[in-house]
Amino acid sequence: MSLPPRAVIVHRATELTELVARHGTRQQAGFFLAGRGRDLAELDARHQAQQDALATVSAAIPLDWRRAIAERNDLDRFGFGPEDVVIAVGQDGLVANVAKYLDGQPVIGINPEPARNPGVLVPHEPAAITGLLITRHVVERTMVVASTDDGQQLIALNEVYIGHHSHQSARYRLSSPDGLPERQSSSGILVGTGTGSTGWCRSAWQERRSPLALPAPTDPALCWFVREAWPSPATGTDSTEGLLKAPDTLTITAESDLVVFGDGMESDTLAVGWGQRIEIGVAPIKLHLVA
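A brief structural summary.

Looking at the pattern of salt bridges
(1) Moving on: Across all of its chains, the model carries 13 salt bridges by this definition.
(2) Moving on: Salt-bridge contacts for Arg208 lead to Glu241; the nearest nitrogen and oxygen are separated by 3.5 Å. Of the two residues, Arg208 sits in the loop between helix H6 (200-207) and strand S12 (221-226) while Glu241 sits in strand S13 (residues 241-245), which places them 33 residues apart along the sequence.
(3) Moving on: Within this structure, Glu15, Arg46 and Glu113 form a network of salt bridges that share partners.

And the structure:
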């Protein structure tokens, strides 16, 4: 007998919740802001918008479905199942945060604040949830995977970062499909998908006025950028950007201690030591985003 679907509502703590947690009480949080010429009104409005969206989503879940709630900071400890329908209520980045822990489950992005959030990954208003739970048109978005030579693996929707844990100079040897191996010292490497081309990778692309044609979200291709490569007698700057099409990979051989994290989740990283190798390429699984 198969299990009924489970709706998993994913959200993150609001700024108001975090501020009260930091200062102990709402009154103390208000005092802290008042001393800086601000008040709680804006945070109250944003908090209420998210609470209203969560209530709308919760009320729309069919009575015969199972349900669960996961906060962003608990995602690395949450057990997703094959019957899950994931409902991300919040900013676009929340979908990227949860995507790395999924294996084909559909994700519905709900935007509680359309005036603030672009809606690239959370395109739906809360009131649309009822129809989306019944009829779902799924678009498969490409993801990126980083694998180490000792069996560690990390998957991300937007991008992976490879570099020093404090973003200081990272030393490594880089090998790309279209260039000669090069020893480098830099602020790290970004390898991103077409979805990630609207975020951190786009910033790198714009800053250097790169001629690369960035991939689309559904393209089986990645873009990569080396941040602030340093020229020296021992390190070069010839290979600092490019495209990867499946099944090609970018190979990084560590010559200092490095970390790898995805989609800004620095609390969930791979640790790589001197001499270890990292392969980055198109992931074998895709995000199933409900359009």
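The structure having been displayed, the exposition proceeds.
Here we look at the environment of Cys223
(1) Moving on: Considering the arrangement of structural elements, one finds Cys223 in strand S12.
(2) Moving on: Taking the relative accessible area as the measure of exposure, Cys223 reaches 0% and is therefore buried.
(3) Moving on: Setting aside residues no more than four positions away along its own chain, Cys223 makes contact with Leu190, Val191, Gly192, Ser197, Cys201, Leu214, Pro215, Gly242 and Leu243.

Things to note about the environment of Thr195
(1) Moving on: Mapped onto the elements of the fold, Thr195 is located in the loop between strand S11 (189-192) and H6.
(2) Moving on: Residue Thr195 is classed as buried on the basis of its relative accessible area of 2%.
(3) Moving on: Remark: the alpha-carbon pair of Thr195 and Leu121, spanning 74 residues in sequence, is separated by 8.8 Å.

Side note on the packing of aromatic side chains
(1) Moving on: Following the criterion strictly, the structure yields three aromatic pairs and no others.
(2) Moving on: Consider the rings of Tyr161 and Trp200, whose centres lie 5.8 Å apart with planes at 10°: the pair is stacked. Placement of the pair is Tyr161 in strand S8 (residues 159-163) and Trp200 in helix H6, with a sequence separation of 39 residues.
(3) Moving on: Under the relative-accessibility criterion, Tyr161 is labelled buried at 0%.
(4) Moving on: Where Tyr161 meets Phe261, the ring centres are 5.0 Å apart and the plane angle is 35°; that geometry is what we call tilted. With Tyr161 in strand S8 and Phe261 in strand S15 (residues 258-262), this pair connects stretches of sequence that are 100 residues apart. Each member of the pair, Tyr161 as well as Phe261, is classed as buried.
(5) Moving on: Grouped by ring-pair contacts, the aromatic residues Tyr161, Trp200 and Phe261 constitute a single cluster.

Regarding the side chain of Arg72
(1) Moving on: When you line up the elements, Arg72 lands in the loop between strand S2 (66-71) and strand S3 (84-89).
(2) Moving on: No salt bridge forms around the buried Arg72; measuring N to O, its nearest opposite-charge neighbour Glu71 is 6.9 Å away.
(3) Moving on: Within polar-contact distance, the side chain of Arg72 engages the side chain of Asn97 at 2.6 Å.
(4) Moving on: Residues within four places of Arg72 in sequence aside, it is in contact with His11, Arg12, Leu94, Asn97, Gly264 and Met265.

Things to note about the packing of helix H1 (residues 15-23) against helix H3 (residues 41-60)
(1) Moving on: Where H1 meets H3, the axes come as close as 8 Å, and the angle between the chain directions of the two elements is 120°. One element, H1, and the other, H3, form an angle in the oblique class. In this structure, H1 uses Glu15, Leu16, Thr17 and Leu19 to contact H3, whose residues at the interface are Leu43, Asp44, Arg46 and His47.
(2) Moving on: For the contact of H1 with H3, the class distribution of residues is three nonpolar, two polar and three charged.

So, the pairing of S12
(1) Moving on: Counting buried residues along S12, six of its six residues qualify, which places the element largely inside the surrounding structure.
(2) Moving on: One ladder, built from four bridges, connects S11 with S12; its direction is antiparallel. Bridge pairing in S12 places Ile189 opposite Val226.
(3) Moving on: With five bridges connecting them, S12 and S13 associate as antiparallel partners. Across the sheet, Phe225 pairs through a bridge with Glu241, a residue of S13.

Reading guide: rules and limits
- Residues numbered from 1 in each chain as written.
- Predicted model: local features only at pLDDT ≥ 70, side-chain atom pairs only at ≥ 80, totals over all residues.
- Heavy atoms only, no water.
- Salt bridge = Lys/Arg side-chain N within 4 Å of Asp/Glu carboxyl O.
- Helix = DSSP H or I, 4+ residues; strand = E, 2+ residues; numbered from the N terminus.
- Buried < 20%, exposed > 50% of the residue type's maximum accessible area, 1.4 Å probe, protein only.
- Contact = heavy atoms within 4.5 Å.
- Phe/Tyr/Trp six-rings, centres within 6.5 Å; stacked < 30°, edge-to-face > 60°.
- Lys, Arg positive; Asp, Glu negative; His and termini not counted.
- Polar contact = N/O pair within 3.5 Å; in protein donor to acceptor, adjacent residues only side chain to side chain.
- Axes fitted to C-alpha atoms, helices over the stretch in contact; angles between N-to-C directions.
- Parallel < 35°, antiparallel > 145°, perpendicular 65-115°, else oblique.
- Nonpolar A, V, L, I, M, F, W, Y, C, P; charged D, E, K, R; others polar.
- Pairing = 2+ DSSP bridges.

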